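An overview of the molecular structure
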Amino acid sequence: MLYADSVSKQYIGVPVLTDISFIVGDGEHVALVGANGTGKSTLLRLLAGEETCDEGEAGHRNGVLKFLRQETELGSERTLEQEMWTAFPEVQAVELRLEEVAHEMERGVGHLDSLIEEQARLFEEFDALDGYRIDKRIGRVLDGLGFSTPDRQKLCGAFSGGWQMRVALARILVRRPEHMLLDEPTNHLDAEAQAWLVEYLNAYKGTALIVAHDGVFLDQVVQRVIDLR
């Protein structure tokens, strides 16, 4: 659930949001629309916890929230594929411990029976986290957003600004969080990638609040509209 309860926010004494209240229920897909300057992006930042309300409360309950901002800048130290895996830190932690356990077993470090038990538990945890299927999930999202197979080994910093926005969007979509805040997700998408995103969002079971100026796109993916004036 996403919520705003009597939210007000101002900058340098200038009111941006005044007494805003709404709820987006679990699994609901809602559009947030309004003219430029009405505070849509500010409201998303408040919901994401990146800024604090001057009055009232805003946030989410139950599960993980991911936020797509209008602008992003990715460093060049990771490849596209590596960047996608950063969406799964808990899976990477299990994978790393599995490698450590295997090395300890090879070197005869520690009690073998205990290491075997831990290894079995880690394999079960890896499976419960859907670890064996993440590579395929990443592949489907990257294909859908128009990345080629060679792109997966390309450094993120080498992509143009528009493609870096696709990287940021892909990193959220592969995670499938319980809540998504999407600020202009179609800005840098061609028609084919946008059509794929429509299919993805229609199959997505989580909660989504989407800011976009494309009414045709919104008509295909939301059930309700919040008009910010």
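Refer to the preceding data block for the structure.
As the structure is a prediction and not an experimental result, all values here were calculated from the model.

Focus on the nonpolar core
- By size, the foremost hydrophobic cluster in this structure holds 48 residues, and its most contacted members are Leu145, Leu173, Leu201, Ile210 and Phe217.
- Per-element accounting of this core gives the leading share, eight residues, to helix 6 (residues 161-175).
- Beyond its immediate sequence surroundings of up to four residues, leucine 145 is in contact with Trp163, Arg166, Leu169, Ala170, Leu173, Leu189, Ala193 and Trp196.
- Ala4, Leu65, Phe67 and Leu209 belong to the second-largest nonpolar core, a separate cluster that totals 22 residues.

Section: the pairing of strand 7 (residues 207-211)
- Most of strand 7 is tucked away, with five of its five residues classed as buried.
- Taking every second residue as pointing to the same face, both faces of strand 7 are buried, with Thr207, Leu209 and Val211 on one and Ala208 and Ile210 on the other.
- Direction of pairing for strand 3 (residues 29-33) relative to strand 7: parallel, over a ladder of three bridges. In the strand pairing of strand 7, alanine 31 is matched with isoleucine 210.
- Across five bridges, strand 6 (residues 179-183) lies against strand 7 in parallel orientation. Residue pairing for strand 7: methionine 180 is matched across the bridge by alanine 208.
- Assessed by its sense of winding, the connection that carries the chain from strand 6 through helix 7 (residues 191-203) to strand 7 is right-handed.

Concerning the sheet that holds strand 5 (residues 65-68)
- Strand order in the open sheet formed by five strands is 5-6-7-3-8, with parallel pairing between adjacent strands. The outermost strands of the open sheet, each flanked by one partner alone, are strand 5 and strand 8 (224-227). Neighbour-to-neighbour, the strand axes of this sheet turn through a mean angle of 15°, independent of strand direction.
- Across the sheet, helix 6 is in contact with strand 5 and strand 6; its angle to strand 5 comes to roughly 165°.

A few points about the packing of aromatic side chains
- Inspection of the entire model under this criterion finds six aromatic pairs.
- Between tryptophan 85 and phenylalanine 88 the ring centres are 6.1 Å apart and the planes differ by 65°, which places this aromatic pair in the edge-to-face class. Here the two residues tryptophan 85 and phenylalanine 88 agree in accessibility, since each one is buried.
- With a centroid separation of 5.0 Å and an interplanar angle of 65°, the aromatic rings of phenylalanine 147 and tryptophan 163 are classed as edge-to-face. Taken together, the residues phenylalanine 147 in the loop between helix 5 (134-144) and helix 6 and tryptophan 163 in helix 6 connect sequence positions 16 residues apart.
- Judged by relative accessible area, which is 4%, phenylalanine 147 ranks as buried.
- For tryptophan 163, a relative accessible area of 29% puts it in the partly exposed group.
- Its guanidinium or amino end placed over the ring of tryptophan 163, arginine 166 lies 4.1 Å from that ring's centre, counting from NZ or CZ.

Some points on the packing of helix 3 (residues 89-107) against helix 4 (residues 112-128)
- The interhelical angle for the contact between helix 3 and helix 4, taken along N-to-C directions, is 155°, at an axis separation of 10 Å. Taken together, the axes of helix 3 and helix 4 are roughly antiparallel relative to one another. The hand of the helix 3/helix 4 crossing is left-handed. In this structure, helix 3 contributes Val91, Val94, Glu95, Arg97, Leu98, Val101, Glu104 and Met105 to the contact, and helix 4 contributes Leu112, Leu115, Ile116, Glu118, Gln119, Leu122, Phe123, Glu125 and Phe126.
- Taken together, the residues of the contact of helix 3 with helix 4 break down into 11 nonpolar, one polar and five charged.

What about the layout of surface pockets?
- Space inside the largest pocket adds up to approximately 200 Å³.
- Arg137, Arg140, Val141, Leu173, Arg176, Trp196, Glu199, Tyr200, Ala203, Tyr204 and Lys205 are the residues that line the largest pocket.
- Elements with a contribution of two residues or more to the lining of the largest pocket: helix 5 and helix 7.
- A per-element tally of the lining of the largest pocket places helix 7 first, with four residues.
- Of the residues that constitute the lining of the largest pocket, the class distribution is six nonpolar, no polar and five charged.

Some thoughts on the pairing of strand 6
- Counting buried residues in strand 6 gives five out of five residues, a clear majority hidden from the surface.
- Burial of strand 6 is two-sided: the residues His179, Leu181 and Asp183 facing one way and the residues Met180 and Leu182 facing the other way are all buried.
- Two strands pair when backbone bridges link them, and strand 5 and strand 6 are joined in this way by four bridges, in the parallel orientation. Across the sheet, residue lysine 66 finds its bridge partner in strand 6, namely methionine 180.

Conventions and cut-offs
- Residues numbered from 1 in each chain as written.
- Predicted model: local features only at pLDDT ≥ 70, side-chain atom pairs only at ≥ 80, totals over all residues.
- Heavy atoms only, no water.
- Core = buried A, V, L, I, M, F, W, Y, C linked by side-chain atoms within 4.5 Å.
- Buried < 20%, exposed > 50% of the residue type's maximum accessible area, 1.4 Å probe, protein only.
- Helix = DSSP H or I, 4+ residues; strand = E, 2+ residues; numbered from the N terminus.
- Contact = heavy atoms within 4.5 Å.
- Pairing = 2+ DSSP bridges.
- Right-handed = clockwise from strand over helix to strand, strands pointing away.
- Axes fitted to C-alpha atoms, helices over the stretch in contact; angles between N-to-C directions.
- Phe/Tyr/Trp six-rings, centres within 6.5 Å; stacked < 30°, edge-to-face > 60°.
- Lys NZ or Arg CZ within 6 Å of the ring centre and 35° of its normal.
- Parallel < 35°, antiparallel > 145°, perpendicular 65-115°, else oblique.
- Left-handed = near helix turned anticlockwise from the far one by under 90°.
- Nonpolar A, V, L, I, M, F, W, Y, C, P; charged D, E, K, R; others polar.
- 1 Å grid on protein atoms, 1.4 Å probe; cavity = no way out; pocket = protein on both sides within 12 Å on 5 of 7 lines; lining within 4 Å.
- Points joined across faces, edges and corners; volume = space filled by probe spheres on them.

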